[in-house]
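# Coordinate analysis (summary)
Here is how the chains run, residue by residue.
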Amino acid sequence: MTYVKHRLKSLALITAIGLLVSGCGASEDAGSTAGSTNEVISDATTAATGSTGAGGEVTLVTHNSFNVDEKVLADFEAQSGITLTVLAQDALANQLVLTKDNPLGDVAYGIDNTFASRAVDAGVFAPYTSALADQGSDDYAFDGSGGLTAVDFGDVCVNVDHEWFVENGLAEPVTFADLIKPEYKDLLVAQSPATSSTGLAFLLGTIANSGVDGWQAYWEALRDNGIKIEADWESSYYVDFSGSDGKGDRPLVVSYGSSPPSEVKDGATQAPTGVLPDTCFRQVEYAGVLAGAKNPAGAQQVIDFLLSPQFQAGLPDAMYVYPVDTETELPAAWSKYAQAPTDTKTLDPALINTERDNWIQDWSDLLEG
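In short, a report on the structure. (Residues numbered from 1 in each chain as written. Predicted model: local features only at pLDDT ≥ 70, side-chain atom pairs only at ≥ 80, totals over all residues. Heavy atoms only, no water.)

### Side note on helix α10 (residues 215–224)
For the record, the criterion: Note on classification: 1.4 Å probe, protein chains only; a residue is buried when its accessible area is under 20% of the maximum for its type, exposed when over 50%, partly exposed between these limits. Counting from the N terminus, the helices are DSSP H or I runs at least four residues long and the strands are E runs at least two residues long. Note: the arc covers the axis-to-C-beta directions of the helix. Here a residue-residue contact requires only that any non-hydrogen atoms of the pair lie within 4.5 Å.
Listed in full, the buried residues belonging to α10 are W215, Y218, W219 and L222. Buried residues of α10, viewed axially, fall in a sector of 95 degrees; they line one side. The inward-facing, buried residues of α10 abut β6 (188–191), α9 (197–210), β7 (228–230) and α15 (349–368). Immediately downstream of α10, the backbone of G226 shows phi near 90 degrees, a positive value.

This is the structure we're talking about:
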């Protein structure tokens, strides 16, 4: 996503921990159900468009971490008659706004609730409501605009190294308020919201928790309590965090709600890390048909595909995010170690759009002088 969540990490980890989404697609079971895969995709397309497909060429503009099982994609292309080209972009929201009068493609996926208002206000998206939206996507509807369809979600949370706290005889923190207590001095590492989507999400979570008039005082307390700030997630997680393979010296790190399953070693029955649910900020990724698309009917079919059971089922292993489809079964490791919090911090996307740059500047003034 413009918020890259756990996905840059996940692409590296997929091979290492054997959580390939293709492991599902290429499995014996998946091979024996190729026909049913096509039938479901066909049913989704027919329900949403009234035909078996518009076909043609469609360009999907997305983030650099987009990943989908090749077999699932091939099934979709074969059934729909669409040839899908994936065009990955840095700073997706900005690119969509800058090119809105001459769009880069037909459909976009990966813009999230921290930047979506900017694109919606600029008229980037054309209205479209998928017939599959009522299977969970509607629960994350964006401001009733009709131009965005929720595809997945994830949480940015403080992660905790359980073993460190046991060995040091210290109770784990629970809330945002705990993080500024003296006993947790010099234990937390986070990322700059000016350079990291994860850091931005954490900043927004603190604003949601402390209020637009109280977050600065909270960050002053975090600063005084020894929070360490890195420019990117990779450095904070793999170098500073004691619970990762980097074995750093900080047992608290701003990361993702989906991080703990990746730390479970072969044969282990417990995750060595966990999340502090009270510190989670929810991010939702959306897809939309681009206004001025050369193939809008095909773009609509791609939206339907992103909500299809096959694509939704692959999201956790492929991109380390949760599917919006409420009927999608999570991988066993996720069900055990990465249950999504039921009560997360949120902010009105319109407020984020209005104040985001000001908040980042204020944060920089406070933390970086």
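Moving on from the model shown.
### Considerations on the pattern of salt bridges
For clarity, the threshold we go by: The rule for a salt bridge is simple: a side-chain nitrogen of Lys or Arg has to be within 4 Å of a carboxyl oxygen of Asp or Glu.
Counting across every chain of the model gives 10 salt bridges. One salt bridge connects E230 with K228, and the closest N-O pair in it is separated by 3.8 Å. The partner of K228 in a salt bridge is D240, and the shortest N-O contact between them spans 2.8 Å. Of this pair, K228 sits in strand β7 while D240 sits in helix α11 (residues 233–240), placing them 12 residues apart in sequence. Note on D240: relative accessible area 4%, which makes it buried.

### Thoughts on the state of the cysteines
Basically, it comes down to this: A pair of sulfur atoms, both from cysteines and within 2.5 Å, is called a disulfide here.
Per the stated rule, a full pass over the model turns up one disulfide. Across the disulfide from C157 sits C280; the S-S distance is 2.0 Å. With the S-S bond torsion at 110 degrees, the cross-link from C157 to C280 turns out right-handed. Here C280 lies in the loop between β9 (273–275) and β10 (281–290) and C157 lies in strand β5 (residues 149–161), a separation of 123 residues in the sequence. Accessibility classification places C157 together with C280 in one group, the buried group.

### Quick word on helix α13 (residues 309–319)
Counting buried residues along α13, nine of its 11 residues qualify, which places the element largely inside the surrounding structure. Turning to α13, its buried residues are Q310, F311, Q312, G314, L315, P316, D317, A318 and M319. Immediately beyond the C-terminal end of α13, within one or two residues, lies Y320, with a positive phi of roughly 55 degrees.

### With respect to the environment of A287
Take A287: it is sitting in strand β10. According to the relative accessible area criterion, A287 is buried, its value standing at 0%. Between the C-alpha atom of A287 and that of T62, which follows or precedes it by 225 residues, the distance is 9.0 Å. Ignoring sequence-local partners within four residues, the contact set of A287 consists of A108, Y109, G147, L148, T149, V151, I303 and L306.

### Some thoughts on the nonpolar core
Keep this limit in mind: By convention a nonpolar core is built from buried Ala, Val, Leu, Ile, Met, Phe, Trp, Tyr and Cys residues, the set being connected through side-chain atoms within 4.5 Å.
Judged by nonpolar contacts, the single largest core of 65 residues is most densely connected at L96, I111, F125, L179 and W219. If we skip the residues at most four places from it in the chain, L179 touches V158, P173, Y184, L188, Y218, L222, N225, L252 and L276. By size, the runner-up hydrophobic cluster in this structure holds 26 residues, among which are L60, F76, Y128 and M319.

### Quick look at the packing of aromatic side chains
Which entries qualify depends on this criterion: Think of it this way: a Phe, Tyr or Trp ring, Trp meaning its six-membered ring, pairs with another when their centres are within 6.5 Å, and the plane angle makes it stacked under 30 degrees, edge-to-face over 60, tilted otherwise.
Using the criterion set out here, one finds 21 aromatic pairs in the structure. Between the aromatic rings of Y237 and Y238, the centroid separation amounts to 5.4 Å while the plane-to-plane angle is 85 degrees, which identifies the pairing as edge-to-face. We classify Y237 as buried; its relative accessible area is 0%. Pairing Y322 with W334 gives two aromatic rings, centres 4.9 Å apart and planes at 75 degrees, and the pair type is edge-to-face.

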